[in-house]
Amino acid sequence: MPYLTPDDLLAIRLSLQVAVTATIIALPAGFSVAYLLALTNIRGKAVLEGIINLPLVLPPVVTGYLLLLLFGRNGWLGHLLALFDIRIIFTLGGAVIASSIVGFPLLVRSIRIGMEGIDKQYIQASRTLGAKWWDTLFTITIPLCSRAILSGMTLMFARSLGEFGATIVLAGNIPGVTQTIPLAIYQYTSTPGGDRMALSLCLVSILLSFMVLLIGEAGNRTLSRR
Amino acid sequence: MLMEVDVEKNFGDFQCRAAFSLRTEKCGVFGPSGSGKSTLMHMLAGLLEPDRGVIKLNGVTLFDRQAGINLPPEARRIGVVFQHAHLFPHMSVKKNLLYGMNRIPTVERSINPEQLINILQVEHLLDRRVSKLSGGERQRVALGRTILACPHLILLDEPLSGLDGTLKYQIIPHLRRVFAEFSIPMLFISHSLQEMRMMTDEVLIMEHGLIEKQIPTDELAPTRMDNGGRGYTNQLNLEAIF
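Keep in mind the model is a prediction, meaning the values are calculated, not measured.

Conventions used here
Residues numbered from 1 in each chain as written. Chains lettered and ligands numbered in written order. Predicted model: local features only at pLDDT ≥ 70, side-chain atom pairs only at ≥ 80, totals over all residues. Helix = DSSP H or I, 4+ residues; strand = E, 2+ residues; numbered from the N terminus. Contact = placed C-beta atoms within 7 Å. Axes fitted to C-alpha atoms, helices over the stretch in contact; angles between N-to-C directions. Parallel < 35°, antiparallel > 145°, perpendicular 65-115°, else oblique. Left-handed = near helix turned anticlockwise from the far one by under 90°. Buried ≥ 20, exposed ≤ 12 C-beta atoms within 10 Å, placed from the backbone. Pairing = 2+ DSSP bridges. Right-handed = clockwise from strand over helix to strand, strands pointing away. Nonpolar A, V, L, I, M, F, W, Y, C, P; charged D, E, K, R; others polar. Core = buried A, V, L, I, M, F, W, Y, C linked by C-beta atoms within 7 Å. pLDDT = per-residue confidence, 0-100. Expected span 1.5 Å × (residues − 1).

1. Observations concerning the overall build of chain A
Helix and strand counts for chain A stand at 11 helices and 0 strands. Going from N to C terminus, chain A has its helices and strands arranged as α-α-α-α-α-α-α-α-α-α-α. Each principal axis of the C-alpha atoms in chain A carries an extent, and together these give about 70 × 45 × 30 Å. Within chain A, contacts between residues separated by at least 24 positions form 76% of all contacts whose residues are at least 6 apart in sequence.

2. Here's the deal with the packing of helix α4 (residues 113-120) of chain B against helix α5 (residues 135-148) of chain B
All names here are of chain B. Relative to each other, α4 and α5 sit at 155°, their axes nearing to 10 Å. As summarised for this structure, α4 and α5 are arranged roughly antiparallel, according to the angle between their axes. Crossing of α4 over α5 shows right-handed handedness. Residues P113, L116, I117 and L120 of α4 form the contact with α5, whose participating residues are R140, L143, G144, I147 and L148.

3. Describing the pairing of strand β8 (residues 153-157) of chain B
A regular strand places its side chains so that they alternate between the two faces of the sheet. Residue and element names in this part refer to chain B. Burial analysis of β8 places 5 of its 5 residues in the buried class, which makes it a mostly covered element. Direction of pairing for strand β7 (residues 78-81) relative to β8: parallel, over a ladder of 4 bridges. If you follow I78 over to β8, its bridge partner there is L153. In this sheet, strand β9 (residues 186-190) lies alongside β8 in parallel orientation, the contact comprising 4 bridges. Across the sheet, residue D157 finds its bridge partner in β9, namely I189. Considered for its hand, the β-α-β crossover made up of β8, helix α6 (residues 165-182) and β9 is right-handed.

4. Details of the interface of chain B and chain A
Counting residues at the interface gives 17 residues for chain B and 15 residues for chain A. Elements with a contribution of two residues or more to the side of chain B that touches chain A: α2 (73-76) and β7 of chain B. Ranked by residues supplied to the side of chain B that touches chain A, first place goes to β7 of chain B with 3 residues. In the side of chain B that touches chain A, the residues fall into 10 nonpolar, 4 polar and 3 charged.

5. Re the nonpolar core
By size, the foremost hydrophobic cluster in this structure holds 70 residues, and its most contacted members are L44, V141, L153, L155, M186 and L187 of chain B. In this structure, L155 of chain B is in contact with M41, L44, A45, I78, G79, V80, L187 and I189 of chain B, ignoring residues within four places of it in sequence. Grouped together as the second largest cluster of nonpolar side chains are 50 residues, A22, A95, V108 and L161 of chain A included.

6. Overview of the confidence of the model for chain B
All names here are of chain B. Averaged over all residues, the pLDDT of chain B equals 88, while 91% of them reach at least 70. Contacts for the low-pLDDT stretch residues 223-242, under 50 throughout, to residues beyond four places or in other chains number 19 contacts. The complex prediction reports pTM at 0.87, with the ipTM value standing at 0.88.

7. Some details on the environment of L150 of chain A
Residue and element names in this part refer to chain A. Tracing the backbone through its elements, the reader meets L150 in helix α8 (residues 146-162). By the C-beta count within 10 Å, which is 20 here, L150 ends up buried. Linking L150 and G216, residues 66 residues apart in sequence, is a C-alpha distance of 6.8 Å. Apart from residues no more than four positions distant in its own chain, L150 is found in contact with G216, G219, N220 and L223.

8. A closer look at α8 of chain A
In this model, α8 of chain A (17 residues) spans 24 Å end to end at C-alpha, consistent with the 24 Å of a helix rising 1.5 Å per residue. With 15 of its 17 residues buried, α8 of chain A lies for the most part within the structure.

9. Observations concerning the packing of helix α6 (residues 120-128) of chain A against helix α7 (residues 133-144) of chain A
The relative placement of two packed helices is expressed as an angle between their axes plus a distance between the axes. Residue and element names in this part refer to chain A. Where α6 meets α7, the axes come as close as 10 Å, and the angle between the chain directions of the two elements is 160°. Considering the angle they form, α6 stands roughly antiparallel to α7. Between α6 and α7 lies a crossing whose hand is right-handed. Every residue of α7 that contacts α6 at Y122, I123, S126 and R127 is listed here: T136, T139, I140, T141 and L144. Within the contact of α6 with α7, the residues separate by chemical class into 4 nonpolar, 4 polar and 1 charged.

10. Let's talk about the environment of K37 of chain B
Residue and element names in this part refer to chain B. Locating K37 in the fold gives a position in helix α1 (residues 37-45). Expressed as a C-alpha distance, the spacing of K37 and S192, which sit 155 residues apart in the sequence, is 13 Å. Beyond its immediate stretch of four places on either side in the chain, K37 contacts V29, G31, I189 and M206.

11. Looking at the environment of F30 of chain B
In this fold, F30 of chain B is placed in strand β3 (residues 26-30). Taking the C-alpha atoms as reference points, F30 of chain B and L220 of chain B, 190 residues apart in sequence, are found 9.5 Å from one another.

Spelled out as structure tokens, the structure:
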């Protein structure tokens, strides 16, 4: 029988909080980058794409370590934020940033593929009918790639729920503060007699991920019927 | 209508160069596939930037490379009916029809949507999804959508070539009636001699990226027949058989 302690419930809540925040924060940036890659003729697309996809191929621990260097006390962003009394490392904000960076390529890739699949003549038709570029963006481009946006968000959310390597380096493993489900499972597995507790959280993790995929698929079906 | 064009666009080994002046309301651009008709259409509509030149419509400069003028498509008031209609698939027929109209100032909405819908015989389709329309219905809605945006010129990019023979001849009377009723100048782009004869009074003949000639449509066939068996003659024969 699965058994969850108050700390486990807190870890579940923190996981959901991190995944939701990371997905929402990454969406505008991810959409903009996908737009640049799919629908504009800017220079240096290959370099931009390479940088965006780096977290996909790098070990998450490396990504986390690079973020630690950036946001640490001596990192230039960390130094800058310290002036405003903002600390990122070993906070929930750090966990959100780690998840955002690691899940970002999945979000961009999905939206970009969706945008590339839009017949450009729909966009041209809209412009010749008097719509400015931002009007076309909201009335044509976004609705026509809404399924790709949803699928990118689903992937990003699921990836954020499972994020471990970058999070533990940047945000640490502090119960009640930065300890998400994967980090709590890690702690249980390294504690004598923690197997059962780890298994309970594993079940929760499987259930949550499965629910995310189901909701994503239901949304996809609804949008495809429209 | 007065349209003055002198533009050039290079794509590696293909060059499109067009210089002409049009006053006729019903004009055509006639030429085989790959002759540069679509490139010209895209440049006029503001969908493709010419490498050099000038485009003026009724005295208004739409594009002038030297003066650094390049009006975006939405500011040109040039409507386009695309070859495959390209109705917005996520909107109903009614929303498609009103898309352009809702984007111009109320005072400039000179066309009564109900009258147009009536002429195009699309009343019964208004609440339908675009995917449920036939090819001919789509093209009628696309035409209505473009006209309701009250453009100063309409470019029709081979609007009938995606339709089969019977449908083609069903839609031509609609086209003629709409243009007669609302007297909107048009540039009808096609590689079909028959369509050109039915729709236009004056024709620009394009070949290998160049405007070869500008002649009244009536003179189209004899001119091409005199062409020593090159260019359109073969196509002309096919049209005659058809």
